[in-house]
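# Observations on the three-dimensional arrangement
Below, each chain spelled out in residue letters.
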Amino acid sequence: MHVIRGIRGTFQPFWVTLRNMFRKPVTIQYPEEKQQLPERYRARLILTRDPDGAERCVACHLCSAACPVDCISMQAAEAEDGRRYGAWFRINFTRCIFCGLCTEACPTLAIQVTADFELAGRDPLKLVYEKEDLLVDHCGNNNSYNFYRQSGIGVAAPRGTNPGETPPADVKDLMP
Amino acid sequence: MSEMLVTLALILGKLLFIFGVVLFMAAYLVLAERKILGRMQLRYGPNRVGPFGLMQPLADVIKLLTKEDFVPARADKWLFLIAPGITAVTALLVFAVIPFGPTLEIFGRQVPLVVVDLNIGVLYFLGVSSMAVYGVVLGGWASNSKYSLLGGVRGLSQMVSYELSLGLSLVPVIMMARSFSLTDIVMAQQSIPFMLLNPVAFGVFFICVLAESNRIPFDLPEAENELVGGFHTEYSGMRFGLFFVGEYINMVVLGSLVTVFFLGGWHGPWLPPLLWFLFKVLAVCAMFIWIRASMPRLRYDQLMNLGWKILLPLSLVNILVTGAVLLGLG
């Protein structure tokens, strides 16, 4: 019995390869044809803005703490009105492994992934992106979230005026 | 005196012709193999350099020539340097006895389309082709690397177990043609090729030729997945290129030998003889490529079993049967 199987196993592959030869190859010829990427593909990182057009990043360092290859670095600073921001913000894409852990760590949805994977270049230093390279003019994948409106501490808006908040109790008043 | 000069010029012309054609074919066989293998694996194969990737061999040569010619520390330098040459040169040398067309009449002279019509051409082929394994063995030994050495040892033992059946499978051919000369063997197949007269000898010879060319399913000396690159692990640049080209020259040469011994050489209807010869050689090469696409590599013990326990007895019995039939026919 296993002689028959052996003979079949010897000649079947020839039929398979012959048949494959007349099929269309599955190759996607990259520079001319491009692959249809999944919606949530993880490639180049961006810093998004909130719906009001201000930077979302509050320079909390959580992304750089979450980064397994330590490719994110920043310097925190505080503006006159109390908003925190990054004085400088730098992502070294020669080290980035595009794991997306930074986007999961980000409390303000500032750092997000895009599907732009064509980062290759000849000079490694050109792959070190500064804040102005990273910052974009849109909200990324969330058009409504504004950190300072949800849980700010009276920085962007006076206390108690954010949606879902009640005004703080007047401690000098006895009325309930 | 002038007679001698003309003969010399003719031989030189034939040499250059063979050299050019064989090297050209070897270069484009690489491309053909990569393209056909690609299509069989649902890929395109090389298609970037020139139209349809036709300039790929040129690009490969430029790349190989500009690479560093590296000799490992503590390698046996001289052997390391000459080993690739042995492979390529022995493969080319075999072509000296292969007749690729009938005798031509040029200016009243008889010009046989073979460099030298040796009357012991078969023995010459067997001798020179077993020299080819020295390239593999010496290259493997001289590299001072365990992978190369293993590849070289495998090449040697493979040669030992297949050369016997290779020679023995040719004995019925010689018996049927009653000559050791390759030209006579082709002439004997004028009406019917030996492949049909003696399919067993053809099968054994074909398998042995596959083993001789160190190709899948008998590429144990190379065995990328086990031995890195086998005997050519340590080679770089054009020396590696010589091994590579040698393998493909070998493919052309062995294809021509299969054609000469079993497929009737240049004999065929309608088309000119030279075209028939080329067509048959290319068909055999295409078969090699198809086999490479379809078969896995044999395990070492399977290879030995096949060589010693099946092919050798089979070819011995085949000699006896052929002899008896020839005697019976008178």
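Just above sits the structure.
### What about the environment of B:Trp276?
Here B:Trp276 lies in helix H11 (residues 273-294). What B:Trp276 contacts, discounting residues up to four positions off in sequence, is B:Trp266, B:His267, B:Gly268, B:Pro269 and B:Leu271.

### As for the sheet that holds strand S3 (residues 84-92) of chain A
Residues and elements named next belong to chain A. Pairing is antiparallel across the open sheet formed by three strands, whose spatial order is S2-S3-S5. Only two strands of the sheet have a single neighbouring strand rather than two, namely strand S2 (72-78) and strand S5 (128-129). Alignment of S3 against S5, held across two bridges, turns out to be antiparallel. Paired with Asn 92 across the strands is Val 128, a residue of S5.

### Points about the side chain of A:Thr114
All names here are of chain A. Along the chain, Thr 114 falls in the loop between strand S4 (111-113) and S5. In this structure Thr 114 comes out as buried when scored by relative accessible area, which is 19%. Among the polar contacts made by the side chain of Thr 114, one reaches the main-chain carbonyl oxygen of Arg 44 at a distance of 2.8 Å. Non-local contacts of Thr 114, meaning those with residues more than four positions away in its chain, are made with Tyr 41, Arg 42, Ala 43, Arg 44 and Ile 46.

### Re the interface of chain A and chain B
Taken together, the contact between chain A and chain B spans 15 residues of the former and 14 residues of the latter. Roughly 1400 Å² is buried in total at the junction of chain A and chain B, and carbon and sulfur atoms are behind 61% of that figure. Per-residue buried area on chain A facing chain B is highest for A:Phe14, A:Met21 and A:Pro25; these three make up 39% of the total on that side. Applying the counting criterion to the chain A and chain B interface returns one salt bridge. The salt bridge partner of B:Arg48 is A:Glu32, with a shortest N-O separation of 3.1 Å. Remark: the boundary between chain A and chain B carries 10 residue pairs in polar contact (both at pLDDT 80 or more). Across the side of chain A that touches chain B, the residue classes tally to seven nonpolar, five polar and three charged.

About the criteria used
Residues numbered from 1 in each chain as written. Chains lettered and ligands numbered in written order. Predicted model: local features only at pLDDT ≥ 70, side-chain atom pairs only at ≥ 80, totals over all residues. Heavy atoms only, no water. Helix = DSSP H or I, 4+ residues; strand = E, 2+ residues; numbered from the N terminus. Contact = heavy atoms within 4.5 Å. Pairing = 2+ DSSP bridges. Buried < 20%, exposed > 50% of the residue type's maximum accessible area, 1.4 Å probe, protein only. Polar contact = N/O pair within 3.5 Å; in protein donor to acceptor, adjacent residues only side chain to side chain. Buried area = accessible area lost by both parts, 1.4 Å probe. Salt bridge = Lys/Arg side-chain N within 4 Å of Asp/Glu carboxyl O. Nonpolar A, V, L, I, M, F, W, Y, C, P; charged D, E, K, R; others polar.

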